[in-house]
Amino acid sequence: MSANLAAIDELVEEFLKMELISVPPYPGQLGYLGSTKHLACTEVLLPADLLPRISSEMFEQSEKEPCGIRGCTIYIEFEDEPDNTRRIATMKTDPNTVSTFELYLTLKQDRRGWTSILPQFLKNLARGSTIMISPEFRLTKNKLYHAYAD
């Protein structure tokens, strides 16, 4: 279990290096998604426990893979409306390892915040505002090989 925690920490560190996230100033606060160029906003807030939950599920998905998490390419997508998803980032967990599977992480906008009650024209005026990410996410796996046992 402690090996998994260390691996989760390494994955979060990789997200930090790629400036996909930044660490919240105080434990338990919302984190920040660092790169907002694909989302047309100035700030993206993440639930405090979201990254550890995502990382944990990623490691579960990679347990039976030939190269483990090192053989993964991660596609991060953002869903702001139902059936409106766009890719905001792609990363290989280990650039020196051939990808054996892909994980598609879909983050969803949390519409329960105070901005959900604004009329559409005000939302358009405040386009550079804050986006809140939902605690819910979707992680789907695509194998890039076929094993004889399958």
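Above this text sits the structure in question.
First, a word on what this report is: a plain description of the structure on this page. All figures in this text were calculated on a predicted structure; none of them were measured in a lab.

Among the nonpolar cores identified, the biggest contains 23 residues, and M58, L105, L107 and I133 are the most heavily contacted of them. Mapped by element, the contributors of at least two residues to this core are β3 (43–46), α2 (50–62), β4 (72–81), β5 (84–92), β6 (101–109) and β7 (130–143). If we ignore the near neighbours within four places in the chain, the residues touching I133 are V44, L45, L46, P47, L50, F78, L107, K108 and D110.

Here we come to the pairing of β5. For a regular strand, the rule is simple: side chains alternate between the two faces of the sheet. Pairing of β4 with β5 involves eight bridges; the strand directions are antiparallel. Across the sheet, Y75 pairs through a bridge with T90, a residue of β5.

For the rest of this paragraph, the subject is the packing of aromatic side chains. Per the counting criterion, the structure on display carries one aromatic pair. Ring geometry for Y75 versus Y104: centroids 4.9 Å apart, planes at 15°, classification stacked. In this pair, Y75 is assigned in strand β4 and Y104 in strand β6, connecting sequence segments 29 residues apart. Here the guanidinium or amino end of K141 rests over the ring plane of F101, the centre of that ring lying 5.2 Å away.

Further remarks concern the environment of Y75. According to the relative accessible area criterion, Y75 is buried, its value standing at 16%. Between the C-alpha atom of Y75 and that of E102, which follows or precedes it by 27 residues, the distance is 7.5 Å. With residues up to four places along the chain from it excluded, the contact list for Y75 reads R87, A89, T90, E102, L103, Y104 and L105.

Along the chain, D110 falls in the loop between β6 and α3 (120–125). If we ignore the near neighbours within four places in the chain, the residues touching D110 are M132, I133, S134 and P135.

Here E77 is to be found in strand β4. Residue E77 is classed as buried on the basis of its relative accessible area of 14%. In this structure the side chain of E77 is engaged in a polar contact, spanning 3.2 Å, whose partner is the side chain of R87. The contacts of E77, once residues within four sequence positions are left out, are T85, R86, R87, I88, Y104, L105, T106 and L107.

What counts and what doesn't
- Residues take numbers from 1 onward in each chain, read along the sequence in its written order.
- Restriction of local features to residues with pLDDT of at least 70 applies here, the model being predicted, together with a cutoff of 80 or more for giving and counting side-chain atom pairs; totals for whole chains, interfaces and linings are based on all residues.
- To get the side-chain values, take all heavy atoms of the structure and skip hydrogens and water.
- To form a nonpolar core, buried Ala, Val, Leu, Ile, Met, Phe, Trp, Tyr and Cys residues must be joined to one another through side-chain atoms within 4.5 Å.
- Note on classification: 1.4 Å probe, protein chains only; a residue is buried when its accessible area is under 20% of the maximum for its type, exposed when over 50%, partly exposed between these limits.
- Where helices and strands are cited, they refer to DSSP runs of H or I of at least four residues and of E of at least two residues respectively, numbered from the N terminus.
- Throughout, a contact is declared for two residues whenever any of their heavy atoms are within 4.5 Å.
- Pairing between strands requires that DSSP locate at least two bridges from one strand to the other.
- Planes of paired rings set the category: under 30 degrees apart is stacked, over 60 is edge-to-face and the rest tilted, where pairs are Phe, Tyr or Trp rings (Trp by its six-membered ring) whose centres lie within 6.5 Å.
- For a lysine, the NZ atom is tested; for an arginine, the CZ atom; a charge sits over a ring if that atom is within 6 Å of the ring centre and within 35 degrees of the ring normal.
- Definition of a polar contact: a pair of N or O atoms within 3.5 Å, with one able to donate and the other able to accept a hydrogen when the atoms are protein atoms, and with sequence-neighbouring residues admitted only if both atoms are side-chain atoms.

Such coordinate-based values are descriptive only and should not be taken to indicate function.
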